[in-house]
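A closer look at the structure
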Amino acid sequence: MNNYTFINGGVTSPQGFTANGICAGVKQATSAAITKAIKANDSSVIPNGKRDLALIACDKPCSAAAIFTKNLVKSDTIYVTQKHLENGVAQAVIVNSGNANACNPDGYEKAEAMAKLAADALGIDENDVIVASTGVIGQPLPLAPIESGVNALKDILSKDGGTNAAEAIMTTDTVKKEWAVQTVIDGKTVTIGGIAKGSGMIHINMGTTLSFVTTDAAISAQMLHSALIEAADVSYNMVSVDGDTSTNDTLAILASGYAGNAEITEKNEDYKIFLQALTAAFKKVARLLASDGEGATKLLVCNVSGAADEKAAKTIAKSVICSSLVKAAMFGADANCGRILCAIGYSGAQVNDVKKIDVLYKSSAGEILVCQNGCGLAFDEEKAEKILLENEIEIIITLGDGASTAEAYGCDLTYDYVKINGDYRT
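Residues numbered from 1 in each chain as written. Predicted model: local features only at pLDDT ≥ 70, side-chain atom pairs only at ≥ 80, totals over all residues. Heavy atoms only, no water.

1. Observations regarding the environment of Tyr-236
What counts, and what does not: For helices the rule is a DSSP run of H or I covering at least 4 residues; for strands it is a run of E covering at least 2, with both sets numbered from the N terminus onward. In this scheme, a residue with accessible area under 20% of its type's maximum is buried, one over 50% is exposed, and one in between is partly exposed, where area comes from a 1.4 Å probe on protein chains only. By the criterion applied in these results, polar contacts are pairs of N or O atoms within 3.5 Å in which, for protein atoms, one can donate a hydrogen and the other can accept it, and in which residues neighboring in sequence qualify only through two side-chain atoms.
Secondary-structure assignment places Tyr-236 in the loop between helix H6 (221–233) and strand S9 (250–255). Assessed through its relative accessible area of 1%, Tyr-236 is described here as buried. Considered as a pair, Tyr-236 and Lys-283 are 47 residues apart in the sequence and their alpha carbons are 7.3 Å apart. A distance of 2.6 Å separates polar atoms of two side chains, one belonging to Tyr-236 and the other to Ser-211.

Spelled out as structure tokens, the structure:
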């Protein structure tokens, strides 16, 4: 039973939180004209005019937690944020797009400087600021536009500013990703909201995604951390666009406690309700991230059932949505089951009998079985093409090994992916 409801809103929907995002000019060289425009919150004279600096704040210190990329090469923003979250407390998030602040000799100092700028503007402890960046790797981060931008942002933080914050963290994203969900815990209405970004350099282990989540639930930092891991494991960590895991991935959550429920400090029924709502939201975001993959025209959802165990189901689902050949076939509306079977076979997952595998394609245009008992079937090619021309396709794989299931999210591989990444930096 679903004990949650999606509502219109985002990162400012929970009680206690405000946010906004502006064009600070991070992507451009700072000039006197740009600095003047930043201070006036006027993006019309700044090249591109795209928002690139966001600030999220709560009116009180919050329980907080975060999880990060598994890439060994990390942005210094991650190290600063990890240090700041050692006590499980945060009150604000500052994040820029356009520059990843990764692989720079002064990256740590600049990440710390960003936290101090936000803290000074808000009048809070700099150790209570989460810092994040996204964009080009290996380029020095300009602090001047961030300094001016923070001073402008502090005056326009509002309950309506969450959507601007969502826009400010976009890089090659084509759509903003924001959401809000409500549930009832201990008789109190609890709201969870968030924003996310991600389009390319996305692969299992969170992939280039930055995601900032807020809630007014009363819940300890330890339980927040556990909930993040559990929810991400079946959502963010089941997404792949291109096989590249970023240096900057950050998924952070702040809890104000304003909902007034009894604080969740253990994995009890209240924790399960909170986790269910959080997981549902993260799965929604996972679909948004995959469907907005760079150059993508189709969302691919791979559903695996009948696996020997959960690990096997997840491994197979991931292998299929990561396959370049499968992704290319989906772009061309080619119902080639051989590529699916191949991806299952090299996945490394336990499959007791490949002669029991069935493969079915499904979309809003219908469904068609293309493989049964491990063998390709004769099928109506025109019907198959019609099904695969839709913008959301399910690849349904049935094994004969057990009762475990998994779902993974990906996209097709198109000409535009190469175009976007061939000149991303220049």
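2. Section: the packing of aromatic side chains
Think of a pair of aromatic rings as described by two things: how far the centres are apart, and how the planes are tilted against each other in angle. Just so we agree on the cut-off: Ring pairs are drawn from Phe, Tyr and Trp, using the six-membered ring of Trp, whenever the two centres fall within 6.5 Å, and their geometry is named by plane angle: stacked under 30 degrees, edge-to-face over 60, tilted for the rest. Geometrically, a lysine NZ or arginine CZ counts as sitting over a ring once it is within 6 Å of the ring centre and also within 35 degrees of the ring normal.
Overall, the coordinates contain four aromatic pairs when judged by the stated rule. On the numbers, 6.3 Å between centres and 80° between planes, the contact of Trp-179 with Phe-282 is edge-to-face. Of the two residues, Trp-179 is situated in strand S6 (residues 177–185) and Phe-282 in helix H7 (residues 269–291); the sequence distance between them amounts to 103 residues. What makes Phe-282 buried here is its relative accessible area of 0%. A ring pair is formed by Tyr-236 and Phe-282, whose centres lie 5.0 Å apart and whose planes are at 75°; its orientation type is edge-to-face. Here the residue Tyr-236 occupies a position in the loop between H6 and S9, and Phe-282 occupies one in helix H7, the gap between them amounting to 46 residues. Each member of the pair Tyr-236 and Phe-282 is classed as buried. What links up through ring pairs into an aromatic cluster is the set Trp-179, Tyr-236 and Phe-282. Over the ring of Tyr-258 we find Lys-60, and its NZ or CZ is 5.1 Å from the ring centre. Sitting over the ring of Phe-6, Lys-284 keeps its end group 4.5 Å from the ring centre.

3. Overview of the side chain of Asn-96
Worth spelling out the cut-off: By the convention used here, residues are in contact when the closest approach between their heavy atoms is within 4.5 Å.
Mapped onto the elements, Asn-96 comes out in strand S4 (residues 89–99). The class of Asn-96 is buried, set by a relative accessible area of 0%. A polar atom in the side chain of Asn-96 sits 2.6 Å from the side chain of Ser-133. Not counting the four nearest positions on each side in its chain, Asn-96 is found in contact with Val-26, Asp-52, Leu-53, Met-114, Ala-132, Ser-133, Thr-134, Leu-141 and Ile-146.

4. Considerations on the confidence of the model for the protein
Where we set the bar: Each residue carries a pLDDT value, the predictor's own confidence for that position, ranging from 0 to 100.
Predicted confidence across the protein gives a mean pLDDT of 90, with 90% of residues reaching 70 or more. Between the elements of the protein, mean pLDDT differs from a low of 49, seen in helix H1 (residues 32–39), to a high of 98, seen in strand S11 (residues 358–363). This stretch, residues 43–47, has a pLDDT under 50; its non-local contacts, to residues over four places away or in other chains, come to twelve contacts.

5. Comments concerning helix H9 (residues 324–331)
Our working definition: The directions considered for the arc run from the helix axis to the C-beta atoms.
Here H9 has its buried residues at Val-326, Lys-327, Ala-329 and Met-330. On an axial view of H9, the arc spanned by its buried residues comes to 160°, and they lie on one face. Downstream of H9 by one or two residues, Ala-333 has phi in the positive range, about 55°.

6. Digging into the pairing of strand S7 (residues 188–197)
Spelled out, the test is: Between any two strands, pairing holds if DSSP finds at least two bridges.
Burial analysis of S7 places eight of its ten residues in the buried class, which makes it a mostly covered element. Examined bridge by bridge, S6 and S7 share nine bridges and lie antiparallel to one another. Within S7, the position partnered with Ile-185 by the bridge is Lys-188. Hairpin geometry of S6 and S7 is characterised by an intervening segment of two residues between the two adjacent antiparallel strands and by a positive phi of about 55° at Asp-186. As paired elements, S7 and strand S8 (residues 210–215) share six bridges and run antiparallel to each other. Across the sheet, Gly-193 pairs through a bridge with Thr-214, a residue of S8.

7. Re the nonpolar core
Let me state the cut-off plainly: By nonpolar core is meant a set of buried Ala, Val, Leu, Ile, Met, Phe, Trp, Tyr and Cys residues that side-chain atoms within 4.5 Å join together.
Formed by 75 residues in total, the largest nonpolar core has its most connected members in Phe-274, Tyr-361 and Ile-397. With twelve residues, the top contributor of residues to this core is H7. If you look at the next biggest cluster of nonpolar residues, it comprises 26 residues, including Ile-78, Ala-165, Ala-168 and Phe-212.

8. Comments concerning the pattern of salt bridges
Selection criterion: Any Lys or Arg side-chain nitrogen found within 4 Å of a carboxyl oxygen on Asp or Glu counts as a salt bridge.
Counted by the stated rule, this structure contains nine salt bridges. Residue Glu-167 is joined to Arg-51 by a salt bridge in which the shortest nitrogen-to-oxygen separation is 3.6 Å. In this pair, Glu-167 is assigned in helix H5 (residues 162–168) and Arg-51 in the loop between H1 and strand S3 (53–68), connecting sequence segments 116 residues apart. Relative accessible area serves as the criterion here: at 29%, Glu-167 is assigned to the partly exposed category. Between Lys-272 and Glu-269 there is a salt bridge, with the nearest N and O atoms lying 3.3 Å from each other. Here Lys-272 and its partner Glu-269 are both found in helix H7, three residues apart, which amounts to about one turn of the helix. Note on Lys-272: relative accessible area 47%, which makes it partly exposed. Assessed through its relative accessible area of 53%, Glu-269 is described here as exposed.

9. Regarding the environment of Ile-67
For Ile-67, the location among the structural elements is in strand S3. On the accessibility criterion, Ile-67 (13% relative accessible area) is buried. Sequence separation between Ile-67 and Ala-232 is 165 residues, and the spatial gap between their C-alpha atoms is 9.1 Å.

10. Structural notes on the packing of helix H8 (residues 310–322) against helix H10 (residues 337–345)
We count it as follows: Helix axes are fitted to C-alpha atoms over the stretch in contact, other axes to C-alpha atoms as well, and angles between N-to-C directions run from 0 to 180 degrees. Any angle from 65 to 115 degrees is called roughly perpendicular, while one under 35 is roughly parallel, one over 145 is roughly antiparallel, and all others are oblique. Crossings are sorted by hand: turned counterclockwise from the far helix by less than a right angle, the near helix makes the crossing left-handed, and turned clockwise it makes it right-handed.
Interhelical geometry of H8 versus H10 gives an angle of 135° and a closest axis separation of 8 Å. As the angle between them shows, H8 and H10 are arranged oblique. Considering only the axes of H8 and H10, their crossing is right-handed. Between H8, through Ile-316, Ser-319 and Val-320, and H10, the contact on the second element is made entirely by Ile-340, Ala-343 and Ile-344.

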